[in-house]
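# Secondary and tertiary structure notes
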Amino acid sequence: MLSRNRDNRPGAWTATTGYRWLIVPPALFLALFFFWPLVLVVARGFTDPVPGLQNYARITESSLYVHVLYNTVETTLIVTLLCLVIAYPVAYVMSSARGTRLQVMAAFVIIPLWTSAVIRSYSWMVVFQRKGVLNDAFVALGVTDEPFRFIPGTLAVNVGMVHIMLPFMILPLVANMRAIDRSLIRAAEVMGANPLIAFAKVFLPLSVPGISAGSAVVFMLSLGFFITPALLGGPKHLMAAVLIEQQANVFFDWGLASSLATLLLVITLVIYALYVRVTGGAAGGFAKGA
């Protein structure tokens, strides 16, 4: 668009006008390679093999598909909660650290992100298999005479997913906690609060935006997790992404696969809308208070 600049010269482009055009290439890229394929997937769920709701009827009538969707949400909630319980004290220590200590701790958090999720999942297979490190230790210590069957199983899936998702919980928490003014805690202690009360009444509420941000990232990523459940869970712990892949590439039922993918997308959007509604006001209040 043409507009007047500070010298009131007609026809001159302002900096703001020029910057607006920078959004056009990424917008076109997203529209062509993300939104359009997404529309095709949603449409295919209603049209393949014939137009109608038969694919969704098959999902609701089958206890297997309903169980897999329920298991996906349940596993995702468990993984998110475990990540939060583990990540919060780690992030608290990191937020107080300085210098070399902080750099070392940050390296332990960030370096795993440089390793493929496939490699990390296979590493857990080595740990959990019948002749793996964990079973060998149990047998050597006399805990059991026969090795446990960890894989395929729920425990292995949860541990593997927590290991991969943990950095995505720690980093938002650290960023939030480092922005909290620690003098507020000292002020609460001066007013008579013991360290535990000062933490619960001052620091913990101020860290809620970090908790909500980290939980949202971990939850959304875990809903569509494929590699770790496929390798460690097997048929005993099916998740939605694994079931969708089976329907598309093994049974070639693209209509049902598209319907399952659409349902997973709807579940994600509904949960995200609830998250925004529940935490948006609180996060905004903390931001204003800061």
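Up top is the structure.
Residues numbered from 1 in each chain as written. Predicted model: local features only at pLDDT ≥ 70, side-chain atom pairs only at ≥ 80, totals over all residues. Heavy atoms only, no water.

## What about the environment of M177?
Under the convention used in this document: Numbering of helices and strands runs from the N terminus; a helix is a DSSP stretch of H or I covering at least four residues, while a strand is a stretch of E covering at least two. Working rule for contacts: check all heavy atoms of both residues, and any pair within 4.5 Å makes them a contact.
Locating M177 in the fold gives a position in helix α8 (residues 154–178). When the C-alpha atoms of M177 and S207 are compared, they prove to be 6.1 Å apart, with 30 residues separating the residues in sequence. Those residues within four positions of M177 in sequence are excluded, and the remaining contacts are Y88, A91, Y92, S95, R182 and F203.

## Quick word on the environment of V133
Filter applied, for reference: Working definition: with a 1.4 Å probe on protein chains only, accessible area under 20% of the residue-type maximum means buried, over 50% means exposed, and in between means partly exposed.
For V133, the position within the fold is in helix α7 (residues 133–140). V133 sits in the exposed class, given a relative accessible area of 54%. In contact with V133, other than residues within four places in its own chain, are V126 and V127.

## Some points on the packing of aromatic side chains
Where we set the bar: Side-chain rings of Phe, Tyr and Trp, where Trp is taken by its six-membered ring, are said to pair if the distance between their centres is within 6.5 Å; with planes under 30 degrees apart they count as stacked, over 60 as edge-to-face, and otherwise as tilted. Counted as over-ring charges are cases with an Arg CZ or a Lys NZ within 6 Å of the ring centre that also lie within 35 degrees of the ring normal.
Using the criterion set out here, one finds 13 aromatic pairs in the structure. Ring plane angle 90° and centroid distance 5.7 Å describe the contact between F138 and F148, whose orientation is recorded as edge-to-face. Residue F138 is found in helix α7, and its partner F148 is found in the loop between α7 and α8; the two are separated by 10 residues along the sequence. According to the relative accessible area criterion, F138 is partly exposed, its value standing at 23%. Residue classification places F148 among the partly exposed residues on the basis of a relative accessible area of 36%. Members of the aromatic cluster, connected to one another through ring pairs, are W124, F128, F138, F148 and F150. One cation-aromatic arrangement involves R182 over Y92; the distance from NZ or CZ to the ring centre is 5.3 Å.

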